[in-house]
Every structure is written in C-alpha cells, then in structure tokens.
Amino acid sequence: MKVTEIVSEFAGPIVEQHGCKLWDVEYVREGSERFLRLYIEKEDGPVDISDCEAISRAVDPVLDEKDPIPESYHFEVCSAGLERRLYRPGDFDRFMGSPVMVKLYRPYNGLKEIPGILRGYEDGKITLEAGKETVIFEKSQVALVRLRVEF
C-alpha cells in the first residue's frame, strides 16, 4: 500500500471530526526535502488557517504513532483551493458544468492550456466546451485538469 493511501485511511476520519473532508494526500520530493500534505475542504464555506492548524495538531501524533514514512519529511495541512486539481471520476462528476483549465502535453490549435466548461468525463476522456466549440480530449493528451475561477 502506498504512503498516501495509508495516510488517507487514518487521516480521513480525523479530518471529518473537525468538520472538513479530506480532498487529497500528497507525498512529494521538492529539491532535497520531502513533504507530506493533506488537502482539505469544507462543504459549508472556505477552509481557514484555524481548520488547518487544528487538523495538523490532531493528525501529527497519529503520524508519529503509525510512522508510515521511514525518512524525514515536512507535514503540512492545506486548503484544496478554489482552483483545485480534478483527477478522480467523482471529482469530474461533482464539478460537471464548471469552468476548468485543461493542460495538454501537446498544443491543440497552438495552445497547451485550454479554458472551458467541463461537459463530460468518461474513461479518462474530457469533453470541454471551449468557446463555441466542443472538444473531446483523450486521456493520453491531458496532463492536468483543474477548476478555474472566473471573475
């Protein structure tokens, strides 16, 4: 089992006890440092620093006890953010009809980033309403999909 799955398993219920939901767990190397990050969200409003602090204080001793990571790392609790990444099928279902930014591996009509409205998701294929055009991108073309905030 991967570190992120192990941490999700025990951190999820703790996050929920604090009135939030666990959006994602990330374990990454940045330079010479390793980071374990919990991304959280709230149904009834924005996540604030006190939410992050309370969850960090609650999860930290459990991380010490379970010790799922043998090397040293930095632990952070963050908001999933307004422009969060979508990657699970449920994420796409939840945000169907929302403004998104699709980042591609190779340009489409000269662009590697295509803004539009999420209109479909099936087996990794993304259907995007981009202006007056509806485009379907294959899973192999898409590097990243994230929500896009319009002002």
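A brief structural summary. Note that the coordinates shown come from a computational prediction; the quantities given were computed from them, not determined experimentally.

Criteria and thresholds
- Residues numbered from 1 in each chain as written.
- Predicted model: local features only at pLDDT ≥ 70, side-chain atom pairs only at ≥ 80, totals over all residues.
- Heavy atoms only, no water.
- Phe/Tyr/Trp six-rings, centres within 6.5 Å; stacked < 30°, edge-to-face > 60°.
- Helix = DSSP H or I, 4+ residues; strand = E, 2+ residues; numbered from the N terminus.
- Buried < 20%, exposed > 50% of the residue type's maximum accessible area, 1.4 Å probe, protein only.
- Lys NZ or Arg CZ within 6 Å of the ring centre and 35° of its normal.

### Some details on the packing of aromatic side chains
Item 1. As enumerated under the stated definition, the model contains 3 aromatic pairs in all.
Item 2. Between the aromatic rings of phenylalanine 92 and tyrosine 121, the centroid separation amounts to 4.0 Å while the plane-to-plane angle is 5 degrees, which identifies the pairing as stacked. Linking phenylalanine 92 in helix α3 (residues 89–94) with tyrosine 121 in strand β6 (residues 111–122), this pair joins segments that are 29 residues apart in sequence.
Item 3. With relative accessibility at 23%, the residue tyrosine 121 sits in the partly exposed group.
Item 4. One cation-aromatic arrangement involves arginine 84 over tryptophan 23; the distance from NZ or CZ to the ring centre is 4.7 Å.
Item 5. Taking the ring centre of tryptophan 23 as reference, the NZ or CZ of arginine 88 above it sits at 4.9 Å.

### Focus: unusual backbone geometry
Item 1. Despite not being glycine, asparagine 109 shows a phi value in the positive range, around 50 degrees.
Item 2. As for its position among the elements, asparagine 109 is in the loop between β5 (99–108) and β6.

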